[in-house]
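# Residue-level structure breakdown
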Amino acid sequence: SVMHATHYLIRQTTNFDDLVQFGLVTSALCHDTDHTGRTNAFEIAKSTKLALRYHDRSPLEQHHAAVSLKIMNLKKQNIFQNVEGEDYKKLKKDFISNILFTDMKEHMELVKNFKDLTKRIEEEGEENFGWNQEDIRIYSGMLLHCADLSGPSKVFPVAHKWSIKINQEFTN
């Protein structure tokens, strides 16, 4: 699953604080909430309600984030309820940003920004590198994006099963 792959990548590559990790894993869990089974291109071409609501900008990803946040605002489902003030604002912003990075339209820009980030880390030395919010946003987005695309890296029987399910989803 995307959440499992995200958790694995976090443990292998980062020392992010608990709040960033929580937001990233939660984003992975929710990144396809209430998926329509269609692509953004279809939503936009057909001028669906989602495409109109989100002005043709990542309509599915924005929908996934919005529905997830709506569910989490319900008292019994609010896993963010103990996060307050600036931490909540940051968590919510990161949650949305991470989900938006799963839109394949963002792929090239994300890869460019990630290459720039890794180049700066190499130049400054990992031990001297100071993470700022934008660096964390790019790195987190890349982790979730990679996890979202990790299906083919699973053992063949699992990858094959998922590829069939995804193909069925997009042809029904």
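Up top is the structure.
Here goes a summary of the coordinates provided. Everything numeric here is computed off the predicted structure, so don't read it as measured data. (Residues numbered from 1 in each chain as written. Predicted model: local features only at pLDDT ≥ 70, side-chain atom pairs only at ≥ 80, totals over all residues. Heavy atoms only, no water.)

### What to know about unusual backbone geometry
For Asp34, which is not glycine, the phi torsion reads 55° and is therefore positive. Among the residues examined, Asp34 registers a relative accessible area of 48% and is labelled partly exposed. Even without being a glycine, Ser58 presents a positive backbone phi close to 45°. Mapped onto the fold, Ser58 is located in the loop between α4 (49-53) and α5 (59-72). (Buried < 20%, exposed > 50% of the residue type's maximum accessible area, 1.4 Å probe, protein only. Helix = DSSP H or I, 4+ residues; strand = E, 2+ residues; numbered from the N terminus.)

### A closer look at the packing of helix α6 (residues 85-100) against helix α8 (residues 133-148)
One way to put it is that α6 packs onto α8 with a least axis distance of 9 Å and a crossing angle of 45°. With respect to their mutual orientation, α6 and α8 come out oblique. Helix-helix and strand crossings are classified by hand; for α6 and α8 the assignment is right-handed. Every residue of α8 that contacts α6 at Lys90, Asp94, Ser97, Asn98 and Ile99 is listed here: Gln133, Arg137, Ser140, Gly141 and Leu144. When its residues are assigned to classes, the contact of α6 with α8 shows two nonpolar, five polar and three charged. (Axes fitted to C-alpha atoms, helices over the stretch in contact; angles between N-to-C directions. Parallel < 35°, antiparallel > 145°, perpendicular 65-115°, else oblique. Left-handed = near helix turned anticlockwise from the far one by under 90°. Contact = heavy atoms within 4.5 Å. Nonpolar A, V, L, I, M, F, W, Y, C, P; charged D, E, K, R; others polar.)

### Side note on the packing of aromatic side chains
Given two aromatic rings, their pairing is described by the distance between the two centres and the angle made by the two planes. Tallying each qualifying case throughout the model produces seven aromatic pairs. Note on Phe16 and Tyr139: the rings are 5.7 Å apart at their centroids and 90° apart in plane angle, and the pair reads as edge-to-face. Placement of the pair is Phe16 in the loop between α1 (2-13) and α2 (18-30) and Tyr139 in helix α8, with a sequence separation of 123 residues. Like Phe16, the residue Tyr139 is buried in the burial classification. Ring centres of Phe80 and Phe95 lie 5.9 Å apart, and the angle between their planes is 85°; this geometry places the pair in the edge-to-face category. With Phe80 in the loop between α5 and α6 and Phe95 in helix α6, this residue pair connects regions lying 15 residues apart in the sequence. (Phe/Tyr/Trp six-rings, centres within 6.5 Å; stacked < 30°, edge-to-face > 60°.)

### Some words on the layout of surface pockets
One number sums up the size of the second largest pocket: a volume of about 230 Å³. Along its surface, the second largest pocket is lined by Thr13, Thr14, Asn15, Phe16, Thr118, Ile121, Glu122, Glu126, Phe129, Trp131 and Tyr139. Among the elements that take part in the lining of the second largest pocket, helix α7 (residues 107-124) stands out by supplying three residues, more than any other. Class assignment for the residues of the lining of the second largest pocket results in five nonpolar, four polar and two charged. (1 Å grid on protein atoms, 1.4 Å probe; cavity = no way out; pocket = protein on both sides within 12 Å on 5 of 7 lines; lining within 4 Å. Points joined across faces, edges and corners; volume = space filled by probe spheres on them.)

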